[in-house]
Every structure is written in C-alpha cells, then in structure tokens.
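A closer look at the structure
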Amino acid sequence: MASISSDHQHRHYENVTDEHVLDDDKLLKLRNATYHSNLTKLPKSIQDYIEEKAKVCQPDAIHICDGSIEENRAFLQALQKNGVIQKLEQLNNCWLALTDPKDVARVESRTFISTKNLLDTIPQPQHGFKEIDPSLNLRNLKCTALGNWMSPEDLDYELGRRLPGCMKGRTMYVVPYSMGPVGGPISKIGVELTDSLYVVCNMRIMTRMGIDVFEKIGDHGNFVKCLHTVGVPLPTQRTIVNNWPCNPEMTMIAHLPEKNEVISFGSGYGGNSLLGKKCFALRLGSIIAKREGWLAEHMLILGITNPQGVKKYIAAAFPSACGKTNLAMMTPTVPGWKIECVGDDIAWMKFNEKGELRAINPENGFFGVCPGTSNSTNPIAMKTIQKHTIFTNVAHTPDGEVYWEGMDDNMVAHGEHLISWKGKDWTKESKEPAAHPNSRFTSPAEQCPIIDPNWESPEGVPISAIVFGGRRPQGVPLIYESFDWEHGVFVGASIRSEATAAAEHKGKVIMHDPFAMRPFFGYNFGEYCRHWLSLNKDGRKMPKIFNVNWFRKSNNGQGSFLWPGFGENIRVLEWIFKRTDGDESIAQKTPIGILPTLDSLDTNGLDITKEQIKELFSLDKNFLLDEVQEIRKYFDEYVGESTPSEISMQIDQFNERLKNY
C-alpha cells in the first residue's frame, strides 16, 4: 500500500477567519468523486468495503474525507447553502441545525444486535419477549428490557428492503477515524460511509478523523465498518422538513458483531448516525472489550487534585442526561481542590502489565445536552461551546445567539422574541419549549478550559475509583461505597433511575439501567456481569466502587432536592478521594454499603441543616427491602438463567443484612 500523508493539521481549529473561506466555484468543487479515481490510494480492505456498499447503495459520487480545515469549511458552507444549517453570527464559527421533529433522539426500539445465537446478545426473558409494534417495520425483532435481537436472515431481509439505491442522487462520504489517540494501545479504528454532510462535520469533532488513519488499517481490514444513510434517495416524493432528510418509518440501527459492522438507516440524529459514538464505542466496543479482556463503558473520566497537590482519576457511570457532563467539568466550590476533564461520556479501560486499570476517552469532542446547561450549572461547558461548535435543535435569536431552557432567564425575561427549535416565533409565554429537551452541542474537547493534560495519553490514566449513580428522588443515600469488587459489580448491575429525554421514553418513571449501559449492551447482560466479575485477579490494583445520588428529595421524594449538587459535589468526591487512600475513620458499615460518618462530609459554608444531612443518608428499611425485591424480580424476569451465581448471592446477602438491621 502506498504511504498516505496529509499536509493538513486536521484537528486544528484556531485562527479560522473569513479570509480563509474558499470562493464559490472552488467551494462545491470537491475532489474527483468517482470511486475508481480515489480508491487507488486506499488499503485494499477499505477499497473492498466501499465497493461492496457502493454497488448496493448506488451513490452518484464518492468522496474520501481527509479531515482538513479546508474540507470542513467547504462542507459547512455546502450545508449552509442547502439550508441544513445556519451560521450563528454572535459566536465564532458556530452553526445551528434544526431537524425534522420526527428525528430528535436515539430510537432504542429500532436499535438491535444481530448474531446467529440469540443468547449471545440477550438473556431469555421469563415471560417471553415484548410484543412488537408492527409500525416498526422490523420482521421478527426480539425485544427485551436488556436489548433487542434479530437473526442474520431477518436482517438480510430488512436490509434488502432498505439499502438498494438508498444513496441515489447523493454523495457517499468515506470518513476514516480513530477512537482514541491514533495508534494508541487501547485505540481502535473505524470507517463510516455516510450520505450526510451533517454527520461528516460532527464526526470530525467527535472523533480523530483524517486520512492518516488509513495507515493504521492495512490490507487485512482491522477496522470497524460503519454504514449510515438518511434513507432518502433523490429525487424523492417525501416531504423534507427543515431540509433534514430522514425516513423515520423505516429507521433501524443494526449491529453485526460477528462482522465488526454497524448499519444505520433512516435517521440523521447524532446517537443514531454518529456511529463512532454509542454504536461503536459502546455496543460493539463492549463486545470487542470482552473478547480482549478490557471494558468499554458509559462513563466520564475526571482528574481530581487535592489541596496538597495529590492527583487521582475517577470514572463515573450515570444514565444519559443525569449529570455526567456537569460532573466531568465541575467547578469545585471548596478552595484548593481542582477538577480536570478527560472525558464526559465514554471510557475504555484496560489493565496494564503493572495491574493498573488505565482509561482513555475514545472520543475527541463533547456531544452534550443543552437544556439545563448554564453559567451557574456548568460554566466550563459554556466556555467550551463558544467556538467551532454545531448546535442541534436549540432556539436562537434573530441576530444569531443560542438559547435553551435553563440557560439565561434574563434573555427572555421581558417578552423577547426568539425562534424556537421548530422555527416558530417564541416568547416565555409560549406553551412549547424553546429548545428540544434533547437538544445538543457538538464541541471539540481540546477547547475545554479544564481539559486534563493527560487526556490524550495513549496509555490512558490510572483509575482509583469507579462511581455509579442515577436519579433517585427517594430512598437512596447521597453516597455509599461497596464492600468489595463483587459487591461493587452488584451495585452497578442494580442501578435504577428516572427516565430521561435522551431516548424516546416518556415521563418520569423509575427504570432499571444497569451500569448505565442498558441501551448500550453489545452482548448478554448476564455475561457482561460475569466479565466484570472476572477482572478481579491477583496482582491487580482494583479500583474502589461507589454509588452516588445527587437527586434525593425531601418528604420521601415529594419535596425539593436535599443536596445542592453541581460544584458542591466536590465534597462527595473529597470523601471518595480519602477512601481510596484507605481512611477508615470516615466510614461506617450499613446494610447498603459503607457510608460516611455524619461528621466526615465537609459541609462548611453550605446552607444545609443537620436534619437534611441525616435525611440524605437515612436508610428506610422497608423501602430498601422493596428495592431488593425489585432487583431480584428484575434478574428473575429479564436475566433468568444467565444471572451469575455471584449476583444471586449478593441479592440474598443484601436481603439478610436488611432483615437484621
């Protein structure tokens, strides 16, 4: 294979000014687009993959993306010319996309894994599979609380109804990218074929995208194959809303672990179309991690330094929209403490030869939820998104500023008129929200003011603690520690949380979300627990495992939040920090786990009473007995014979501890 090089610093964003903009005749004159002329530069494995998909999808042209500034600028201007995005004049190189209102979130009901053996993917539920809505247009899909499965034969049928000719009238963009630093020992390579320029521009932010990646692949094809199409060939009879082509009636996101492949049809929304993210980094990633003996997790990674200058790293798993980004970018309220961000959403973790658990953030950007993000809740995120950012489904002012609920009430306090995410005139009196609850920003991680100096270390950072958590208005203490690794795996496996807007669920229902991975398991959850349990080996420095709940409310979950959260969460991290040093004086054993002694949490300067602190840590025996039964029922009904004996034993032991409490 001929060496491929690029003169462009494709991950460079600084000093982009209007004077660099290409003139119109060069703007849309992208490189020779027939795949015959381009493919001669590529590894044979890539050529074969493109040829295979191009024959089926039938694009009019093929463009090999190089990830350069010039290319990105041309793509953004093409999107602007086609009305897909608009420039936000008050911000530096920032753009706004408004989607079809039918394409706004991950579609879990249409997302599945296809393997020969059903039990490789999902446990056999006690009461059979969920009844499938015929409108999904997915033949013989098997749906459970822990993932969906389709046979290879049925998948072939569904692909046959969708893919032939799906890119007619469009260009197929070839996006080479690395998850993690290019060439790193934990990193992996992917290639996404897509007919969406919006996807290309977002992938350039979210991954390390560029032609230098091809050198890591070679002719034998050691890469994850990702095919994405909006599913609207041209010309079309469909009504295109907001210049946002999509095909929601036929949307599906299929994962083929036996082929290391993802195929996504019909949706342009981030979680369904940026295939390096949840599809590769978590679903396929968790399968690859099991094969190779590491972990791919839905976790933030942060660095925490105490006033004495000692630094540790913590990984934390919360369900989507439960505060991962806020914690990863925390501004501590207690003087002397420092937080630095390695990543806000995904962690790949692997034990090295010294027995240390090392973690990388495989992503290159932040895909954050906008509503609720403000200078008071997350000032670091607000600084991060001031330039080179793509916003999706937020409101905007006529002169090009962005707005969403919870950002800045003063912007709309006096009846100011905004343009909502649906393109409608909006004031604070309007009945619909200005921004969609799942509206997003896509920003380069390197712009984060507190990005950790080691965030791109190929070897990863050493993890001292793993934290689980969720939204629990009632019954669950602010913080507790597991007794040991096995108990910690049980803690992660039994997470329950209020549903959020990140997927299509409605209402504030308490859902099981084990390891905050429920929508992202790539294989049988029982085997997933078994894999976690198997990692505890002699000679390894096992991180301590904790559970936090920032969201407990007074009056048995009916009142207001008991804990101020946000920057005050440093007080909880301080306790975790001390516990990783083995400080026994600040800990007390309880049936649920190890809790702080009442005086060991620093509450100086907090507007919080001793009664509120007691309520934050109170254990209601009857509530917890019900909780155990809920967990037992969940494993019995949805995991069944796939449940590891260690998990069953943990349930029994928890029940016994409570009975004796």
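Here's a quick rundown of the structure. Because the structure is a prediction, the values reported are computed rather than measured.

Turning our attention to the overall build of the protein. A tally of helices and strands in the protein yields 18 helices and 32 strands. Against the compact-globule benchmark of 26 Å for 661 residues, the protein has a radius of gyration of 24 Å, which places it among compact chains. Counting only residues that meet the buried cut, the protein has 61% of its 661 residues in that class. In the protein, the proportion of contacts linking residues at least 24 apart, taken out of those at least 6 apart, comes to 74%. With an accessible surface of roughly 25,900 Å², the protein has 47% of that area assigned to carbon and sulfur atoms. Seen as two clouds, the 72 positive and the 82 negative side-chain charges of the protein have centres 2 Å apart.

With respect to the helices, strands and loops of the structure, Thr251 is situated in the loop between strand 10 (224–229) and strand 11 (252–256). Assessed through its relative accessible area of 3%, Thr251 is described here as buried. Distance from Thr251 to Arg162, taken between C-alpha atoms, is 9.2 Å for residues 89 residues apart in sequence. Dropping the residues within four chain positions of it, Thr251 is found in contact with Val107, Arg110, Phe265, Gly266 and Ser267. At 3.0 Å, the side chain of Thr251 and the backbone oxygen of Asn247 are in polar contact. Of the polar contacts made by the side chain of Thr251, one reaches the backbone oxygen of Gly266; its length is 3.3 Å.

Tallied over the full model, the rule gives 32 salt bridges. A salt bridge links Glu261 to Lys53; its shortest N-O distance comes to 2.9 Å. Of this pair, Glu261 sits in strand 12 (residues 261–265) while Lys53 is found in helix 3 (residues 44–57), placing the two residues 208 residues apart along the sequence. Considered together, Glu261 and Lys53 belong to a single accessibility category, that of buried residues. Among the ionic pairs, Lys311 bridges to Asp452, the shortest N-O distance being 2.7 Å. In this pair, Lys311 sits in strand 15 (residues 311–317) while Asp452 sits in the loop between strand 25 (440–444) and strand 26 (461–469), placing the two residues 141 residues apart along the sequence. Judged by relative accessible area, which is 30%, Lys311 ranks as partly exposed. Residue class for Asp452 comes out buried when judged on its relative accessible area of 1%.

What follows deals with the packing of aromatic side chains. In the structure shown here, the tally under the stated rule is 26 aromatic pairs. Aromatic side chains Phe521 and Phe525 sit 5.0 Å apart centroid to centroid with 40° between the ring planes, which places their arrangement in the tilted category. Owing to a relative accessible area of 6%, Phe521 belongs among the buried residues under this scheme. Look at Phe525 and you get buried, because its relative accessible area is 0%. Ring-pair connections join several aromatic residues into one group, and the members of that group are Phe468, Trp485, Phe515, Phe521, Tyr523, Phe525, Tyr528, Trp532, Tyr634, Phe635 and Tyr638. Positioned above the aromatic ring of Trp95 is the side chain of Lys87, whose terminal nitrogen or guanidinium carbon lies 5.6 Å from the ring centre. Lying across the ring of Tyr157, Arg139 places its NZ or CZ 4.0 Å from the centre.

Across the 5 residues that make up strand 17 (residues 347–351), a large majority, 4, are buried. As paired strands, strand 13 (residues 295–297) and strand 17 are joined by 3 bridges and run antiparallel to one another. Of the residues in strand 17, the one forming a bridge with Leu295 is Met349. In the sheet, strand 17 pairs with strand 18 (residues 357–360) via 4 bridges, with the strands oriented antiparallel. Residue pairing in the sheet places Trp348 in a bridge with Ile360 of strand 18. Taking the residues that link successive antiparallel strands as the turn, the strand 17-strand 18 hairpin has 5 residues, and the phi of Gly355 there is positive, at about 85°.

As for its placement among the helices and strands, Glu637 is situated in helix 17 (residues 621–639). Buried charged residue Glu637 carries no salt bridge. Nearest counter-charge: Lys633, at 4.2 Å. Not counting residues up to four positions away in its chain, the partners in contact with Glu637 are Pro125, Gln126 and His127.

Moving on, we get to the packing of helix 12 (residues 485–493) against helix 13 (residues 525–534). Axis separation between helix 12 and helix 13 bottoms out at 9 Å; the angle between their running directions is 150°. The orientation of helix 12 relative to helix 13 falls into the category roughly antiparallel. Considering how the two elements wind past one another, helix 12 and helix 13 form a crossing that is right-handed. Where helix 12 abuts helix 13, its residues Trp485, Glu486, Val489 and Ala493 lie against Phe525, Cys529, Trp532 and Leu533. Here the contact of helix 12 with helix 13 is composed, by residue class, of 7 nonpolar, no polar and 1 charged.

Across the 6 residues of strand 14 (residues 300–305), 6 count as buried, placing the element largely inside the fold. By the bridge criterion, 6 bridges tie strand 14 to strand 15 in an arrangement that is antiparallel. Residue pairing across strands places Leu302 opposite Ile314, the latter belonging to strand 15. Between strand 14 and strand 15, which pair antiparallel in sequence order, lie 5 residues; one of them, Gly309, sits at a positive phi of approximately 90°. Where strand 14 lies against strand 16 (residues 338–343), 5 bridges are found, and the strand directions are antiparallel. Bridge assignment links Ile301 to a residue of strand 16, and that residue is Gly343.

Calculation rules
Residues numbered from 1 in each chain as written. Predicted model: local features only at pLDDT ≥ 70, side-chain atom pairs only at ≥ 80, totals over all residues. Heavy atoms only, no water. Helix = DSSP H or I, 4+ residues; strand = E, 2+ residues; numbered from the N terminus. Rg over C-alpha atoms; globule rule 2.2 N^0.38 Å. Buried < 20%, exposed > 50% of the residue type's maximum accessible area, 1.4 Å probe, protein only. Contact = heavy atoms within 4.5 Å. Areas by Shrake-Rupley, 256 points an atom, 1.4 Å probe, with all protein chains shown as cover. Lys, Arg positive; Asp, Glu negative; His and termini not counted. Charge placed at Lys NZ, Arg CZ, Asp CG, Glu CD. Polar contact = N/O pair within 3.5 Å; in protein donor to acceptor, adjacent residues only side chain to side chain. Salt bridge = Lys/Arg side-chain N within 4 Å of Asp/Glu carboxyl O. Phe/Tyr/Trp six-rings, centres within 6.5 Å; stacked < 30°, edge-to-face > 60°. Lys NZ or Arg CZ within 6 Å of the ring centre and 35° of its normal. Pairing = 2+ DSSP bridges. Axes fitted to C-alpha atoms, helices over the stretch in contact; angles between N-to-C directions. Parallel < 35°, antiparallel > 145°, perpendicular 65-115°, else oblique. Left-handed = near helix turned anticlockwise from the far one by under 90°. Nonpolar A, V, L, I, M, F, W, Y, C, P; charged D, E, K, R; others polar.

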